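Here are the chains, one letter per residue:
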Amino acid sequence: MDMFIKQRIKAIKKGDQSAFADIVEMYKDKIYQLCYRMLGNRHEAEDAAQEAFIRAYVNIHTYDPTMKFSSWLYRIATNLSIDRMRKKKPDVYLDAEVSGTDGLTMYSQLADEGASPEDALESLELQQMVQEAILKLPEKYRTVIVLKYIDELSLQEISDILNLPIGTVKTRIHRGREALRKHLGHL
C-alpha cells in the first residue's frame, strides 16, 4: 500500500492528474468521515473533505516522503475542520433537523430494510446522543476522540497528525472520555 502511494505521489509530481484521482478514491471515505465527526454536518463535511484533497494536491510538493501519507492528509483535513469549527456561522441545510420532529431529518424518514423500526430508532437516538456529546467537547478533546475511536488511528498516528507528544494525546483522550462519561452518564 505504501509503495503504491509513493508511486502515485511521484506520478502526481510529474503532472499525472489521474494518479491523484487514485489517491482520492482510496481516502475519500475516511477523510469525509473524519470531517463529518468533527463538524457534525454532512454538507460542511463534504466541503471540508473536498478542500482537504484540493490543498493536498496543490501542496503535494511539501509532503515529506519519510512521513506516512495518510497522516499528512489527515492533518490537512483535521486543520480544515478545526478552522471551520472556529468560523462556524449558523447555516440552514436541507438535512437540518425538521422543526417539531425531535431531531429527525427528511433523510431519516426513508424506510430501512434492516433492523425493526424500534431498533433503528433506538440506534439512531443513541448515535445522535453520542454525536451531540462529541460535538459538545472542546475541540482539543473532540479531535483526539474522533481520531482514536471513530477513525481508529494509533496514538502515534494521532501524535503525527496533530503534531503533539504522545503523552499529550493520551491525556486529551483520557480527559475527552471523562467528559463524554459526564455527558452520557444517564445512559
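Summary of the structure given here. (Residues numbered from 1 in each chain as written. Predicted model: local features only at pLDDT ≥ 70, side-chain atom pairs only at ≥ 80, totals over all residues. Heavy atoms only, no water.)

1. Comments concerning the overall build of the chain
Step number 1: For the chain, the count of helices and strands is eight helices and zero strands.
Step number 2: Along the chain, helices and strands appear, N-terminal first, in the series α-α-α-α-α-α-α-α.
Step number 3: Taking all 187 residues of the chain together, the buried fraction comes to 35%.
Step number 4: Counting only contacts in the chain whose residues sit at least 6 apart along the sequence, the fraction spanning at least 24 positions is 62%.
Step number 5: Counting every atom, the chain has about 11,600 Å² of accessible surface; 52% of that belongs to carbon and sulfur. (Helix = DSSP H or I, 4+ residues; strand = E, 2+ residues; numbered from the N terminus. Buried < 20%, exposed > 50% of the residue type's maximum accessible area, 1.4 Å probe, protein only. Contact = heavy atoms within 4.5 Å. Areas by Shrake-Rupley, 256 points an atom, 1.4 Å probe, with all protein chains shown as cover.)

2. With respect to a negative patch on the surface
Step number 1: The grouping of Glu118, Asp119, Glu122 and Glu125 at the surface amounts to a negative patch.
Step number 2: Within the secondary structure, glutamate 122 is located in helix α5 (residues 117–136).
Step number 3: Among the residues examined, glutamate 122 registers a relative accessible area of 59% and is labelled exposed. (Patch = residues over 30% accessible without salt bridge, like charges linked within 9 Å, V, L, I, M, F, W, Y side chains within 5 Å. Salt bridge = Lys/Arg side-chain N within 4 Å of Asp/Glu carboxyl O. Lys, Arg positive; Asp, Glu negative; His and termini not counted. Charge placed at Lys NZ, Arg CZ, Asp CG, Glu CD.)

3. Some words on a nonpolar patch on the surface
Step number 1: Where nonpolar side chains cluster on the molecular surface, the patch consists of Leu126, Met129, Val130 and Leu187 and spans about 310 Å² of accessible area.
Step number 2: Along the chain, leucine 187 falls in the segment after α8 (166–184).

4. A short note on the side chain of serine 71
Step number 1: In this structure, serine 71 sits in helix α4 (residues 69–87).
Step number 2: Excluding residues within four positions of it along the chain, serine 71 makes contact with Glu157, Asp160 and Ile161.

5. Things to note about unusual backbone geometry
Step number 1: With a phi close to 55 degrees, glutamate 152 is a non-glycine residue in the positive phi region.
Step number 2: For glutamate 152, the position within the fold is in the loop between α6 (139–150) and α7 (155–162).
Step number 3: Judged by relative accessible area, which is 66%, glutamate 152 ranks as exposed.
Step number 4: We note that asparagine 163 has phi near 55 degrees; this positive angle belongs to a residue other than glycine.
Step number 5: Tracing the sequence through the fold places asparagine 163 in the loop between α7 and α8.
Step number 6: Judged by its relative accessible area of 60%, asparagine 163 falls in the exposed class.

6. Describing the pattern of salt bridges
Step number 1: Inspection of the entire model under this criterion finds eight salt bridges.
Step number 2: The residue glutamate 44 makes a salt bridge to arginine 84 at a minimum N-O spacing of 3.2 Å. Residue glutamate 44 is found in helix α3 (residues 42–58), and its partner arginine 84 is found in helix α4; the two are separated by 40 residues along the sequence.
Step number 3: Residue classification places arginine 84 among the partly exposed residues on the basis of a relative accessible area of 21%.
Step number 4: In this structure, arginine 84 engages glutamate 51 in a salt bridge whose closest nitrogen and oxygen atoms are separated by 3.3 Å. Of this pair, arginine 84 sits in helix α4 while glutamate 51 sits in helix α3; the two residues are 33 residues apart in sequence, bridging distant segments of the chain.
Step number 5: Since its relative accessible area comes to 26%, glutamate 51 is described here as partly exposed.
Step number 6: Here the residues in one salt-bridge network are Glu44, Glu51, Arg55 and Arg84, joined through shared partners.

7. Details of the packing of aromatic side chains
Step number 1: A full pass over the atoms with the stated rule returns seven aromatic pairs.
Step number 2: Their ring planes at 45 degrees and their centres at 5.7 Å tell us that phenylalanine 69 and tryptophan 72 sit as a pair that is tilted. Placement of both phenylalanine 69 and tryptophan 72 in helix α4 is noted, with a separation of three residues, approximately one turn of the helix. Across the pair, exposure class does not vary: phenylalanine 69 and tryptophan 72 are buried alike. (Phe/Tyr/Trp six-rings, centres within 6.5 Å; stacked < 30°, edge-to-face > 60°.)

8. Regarding helix α2 (residues 17–39)
Side chains of residues three or four places apart in an α-helix project in the same direction, reflecting 3.6 residues per turn.
Step number 1: The end-to-end C-alpha separation of α2 is 29 Å, well short of the 33 Å expected for 23 residues at 1.5 Å each.
Step number 2: The axis of α2 is deflected most strongly, by about 55 degrees, at tyrosine 27.
Step number 3: When α2 is considered as a whole, its buried residues turn out to be Ala19, Phe20, Ile23, Tyr27, Ile31, Leu34, Cys35, Met38 and Leu39.
Step number 4: Of the surrounding secondary structure, the elements contacted by the buried residues of α2 are α1 (2–13), α3, α4, α5 and α6.
Step number 5: Glycine 40, located one to two residues past α2, shows a positive phi value of around 75 degrees. (Expected span 1.5 Å × (residues − 1). Bend = angle between axes of the 7 residues up to and from the residue.)

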